[in-house]
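Residue-level structural notes
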Amino acid sequence: MFYSSYIEISKSALHNNIAFLKGLLQPGVRLSSVVKGNAYGHGIEEFGQLAQECGIDHFSVFSADEAYRLLQVASPGTTIMIMGFLDEEQLEWAIANGIEFYVFHIDRLERAVEVARKLQKPARIHLDLETGMNRIGLGGAELKAVVRMLQQNKALVEIAGICTHFAGAESSENHERVTSQLEKYSATVNYLSSSDIAADALHTACSAAVVAYPETHLNMVRVGIMQYGFWSSPEIFQRYMQQNGEQADPLKRLINWKSHIMTIKLVAVGEFIGYGNSYQAKEDMLLATVPVGYAWGYSRSLSNQGEVLIRGHRVPVVGIVNMNVLMVDVTSVPDVALNDEVVLLGHQGEENITVASFAELSTQLNYELLTRLPMNIPRYIID
Ligand SMILES: *Cc1c(COP(=O)(O)O)cnc(C)c1O
């Protein structure tokens, strides 16, 4: 195996999280697994396969390239839905392969109708409504034009869904904005229905809305971060724990990021470690290098800040994080040896390096840290 570090993905943790999520939903509400951003860093192919083994049959991706990768591991009957980008060529590929996609401007619908006619195969679309996020979405005169085009092309376009996205359901600061978005969504769904436009799936909720706004579940939800064992925000976590009188976090993290000790050496008191003079040995020290640096997504802002686990001990990163290596102080680790396992993220023995602690130190959002884990670190499924 060729790697300097690797990522483990836990199947039992995913089982746990999906069961927990299903418990939050009414029977019959479909769970779409959001796997954009390389499945939040977990690896789209590896995670996609695992999720199917855990009973998932609907996936949401951002773009055609992600849909393409997922399609390579998708079983028959699995739905793939593109929420964002696809160009004209990719749109043809999507329709030919039965991939569903969002429509948020009329040009895409026009093109979909043309391609569907050419391929003699209907396009399966989701009408993405503008309800107040003001990012992408159909509204106003454009929505009316879309309705006319749909009425004229019924055989060529199947409306698989009507959807919208909330502008910050993870914070109660946005409560009014979110509730007004839901009202606007419902009113527009009614208007569409009066124009004889109805869809199989009505979907608005992301993870935060699944927890905080049960009225947004409708008949499908799009869940990303919680499947991977993380909460959308500390507020959402606390709210859930309080309302349900829970003691322990019901979600389990899937990810462990690991490497091994590359060298161990003695450093005498007073010496500086690594580039520059940001760290000076206060005593004679035992120093280990780990073959992971910022080129692998280990942020340089964790210099003299981060921690890793070795032999069940939490040890500090010392000096500057380099492109391909980082240094840790292993003076306190009994019997430390070359090739010892190093846990950068996840658990070892009783200790745990959380994405949250990592993220706070490097001022990244948990979403950002996960999705920045490079694609070329190998991912392995463990039980
Ligand atoms: C990312 C995304 C989601 C999932 O968000 P989480 O907070 O990770 O659950 C849902 N819907 C859309 C449109 C998204 O872009």
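Everything that follows concerns the structure shown earlier in this document.
In what follows, the accompanying structure is described. Fair warning: this is a prediction, and the values are worked out from it, not measured in the lab. (Residues numbered from 1 in each chain as written. Predicted model: local features only at pLDDT ≥ 70, side-chain atom pairs only at ≥ 80, totals over all residues. Heavy atoms only, no water.)

Concerning the overall build of the protein
Each helix and strand counted, the protein has 12 helices and 18 strands in total. Each principal axis of the C-alpha atoms in the protein carries an extent, and together these give about 80 × 45 × 35 Å. Summarising the internal contacts of the protein: among those between residues at least 6 apart in sequence, 65% fall at separations of at least 24. Taken as a whole, the protein presents about 17,200 Å² of accessible surface, with 51% of it coming from carbon and sulfur. Here the protein holds 29 positive side-chain charges and 42 negative ones, and the gap between their average locations is 5 Å. (Helix = DSSP H or I, 4+ residues; strand = E, 2+ residues; numbered from the N terminus. Contact = heavy atoms within 4.5 Å. Areas by Shrake-Rupley, 256 points an atom, 1.4 Å probe, with all protein chains shown as cover. Lys, Arg positive; Asp, Glu negative; His and termini not counted. Charge placed at Lys NZ, Arg CZ, Asp CG, Glu CD.)

Structural notes on the site of the ligand
The local shell around the ligand consists of Val-34, Lys-36, Tyr-40, Met-83, His-165, Cys-206, Ser-207, Arg-222, Val-223, Gly-224, Ile-225 and Tyr-367. His-165 is positioned such that a nitrogen or oxygen atom in its side chain is 3.4 Å from a nitrogen atom of the ligand. In isolation the ligand exposes 390 Å². Once the protein is present, 91% of that is buried. Comparing atom positions with the cavity grids shows the ligand to sit within the largest pocket. Contributing elements (two or more residues each) for the shell around the ligand: helix 2 (36-40) and strand 9 (220-223). Residues of the shell around the ligand, tallied by class, amount to 7 nonpolar, 3 polar and 2 charged. (Near = heavy atom within 4 Å. Polar contact = N/O pair within 3.5 Å; in protein donor to acceptor, adjacent residues only side chain to side chain. 1 Å grid on protein atoms, 1.4 Å probe; cavity = no way out; pocket = protein on both sides within 12 Å on 5 of 7 lines; lining within 4 Å. Sits in = over half its atoms within 2 Å of the grid points. Nonpolar A, V, L, I, M, F, W, Y, C, P; charged D, E, K, R; others polar.)

Comments concerning the pattern of salt bridges
A complete count under the given rule lists 19 salt bridges for this structure. With a shortest N-O distance of 3.3 Å, Glu-341 and Lys-258 are connected by a salt bridge. Highlighted residues: Glu-341 in strand 16 (residues 341-348) and Lys-258 in strand 10 (residues 255-260), separated in sequence by 83 residues. (Salt bridge = Lys/Arg side-chain N within 4 Å of Asp/Glu carboxyl O.)

Remarks on unusual backbone geometry
Even without a glycine there, the phi angle at Gln-120 is positive, about 55 degrees. Structurally, the position occupied by Gln-120 is in the loop between helix 6 (106-119) and strand 6 (123-128). Classification of Gln-120 by relative accessible area gives exposed; the value is 68%. Positive phi values are uncommon outside glycine, yet Asn-304 reaches one of about 55 degrees. Residue placement: Asn-304 occurs in the loop between strand 12 (285-290) and strand 13 (307-310). Look at Asn-304 and you get partly exposed, because its relative accessible area is 30%. (Buried < 20%, exposed > 50% of the residue type's maximum accessible area, 1.4 Å probe, protein only.)

Description of the environment of Arg-135
Here Arg-135 lies in the loop between strand 6 and helix 7 (140-152). With 30 residues separating them along the chain, Arg-135 and His-165 place their C-alpha atoms 9.4 Å apart. Each residue touching Arg-135, except ones within four places of it in the same chain, is listed here: Glu-130 and His-165.

Some details on the layout of surface pockets
Here the largest pocket defines a volume of roughly 810 Å³. Lining the largest pocket are 31 residues, with Lys-36, Tyr-40, Arg-135, His-165 and Tyr-367 positioned closest to its centre. At the level of secondary structure, the elements contributing two or more residues to the lining of the largest pocket comprise helix 2, helix 9 (207-212) and helix 12 (366-371). In terms of residue class, the lining of the largest pocket is made up of 15 nonpolar, 10 polar and 6 charged. (Points joined across faces, edges and corners; volume = space filled by probe spheres on them.)

Re the pairing of strand 4 (residues 79-82)
Residues Thr-79 and Met-81 line one face of strand 4 and the alternating positions Ile-80 and Ile-82 line the opposite face, and both faces are buried. The sheet contact formed by strand 3 (residues 58-61) and strand 4 spans 4 bridges and is parallel. Looking across to strand 4, one finds that Ser-60 is bridged to Met-81. Assessed by its sense of winding, the connection that carries the chain from strand 4 through helix 5 (residues 88-96) to strand 5 (residues 100-103) is right-handed. (Pairing = 2+ DSSP bridges. Right-handed = clockwise from strand over helix to strand, strands pointing away.)

Quick notes on the nonpolar core
Membership of the largest hydrophobic core comes to 122 residues, with the highest contact counts inside it found for Phe-101, Ile-125, Leu-127, Trp-257, Tyr-298, Ile-310 and Val-328. When residues of this core are assigned to domains, at least three map to each of domain 1 (11-244) and domain 2 (255-353). If you look at the next biggest cluster of nonpolar residues, it comprises 8 residues, including Tyr-279, Met-285, Val-318 and Met-327. (Core = buried A, V, L, I, M, F, W, Y, C linked by side-chain atoms within 4.5 Å. Domains from an automatic or database assignment.)

Some details on the sheet that holds strand 15 (residues 326-329)
The 3 strands are arranged 11-12-15 in an open sheet whose pairing can be described as antiparallel. Strands with a single pairing partner mark the edges of an open sheet, and in this sheet they are strand 11 (263-267) and strand 15. Pairs of neighbouring strands in the sheet enclose a mean axial angle of 30 degrees, with direction left out of account. In this sheet, strand 12 lies alongside strand 11 in antiparallel orientation, the contact comprising 5 bridges. Directly across from Lys-265, in strand 12, lies its bridge partner Leu-287. (Axes fitted to C-alpha atoms, helices over the stretch in contact; angles between N-to-C directions.)

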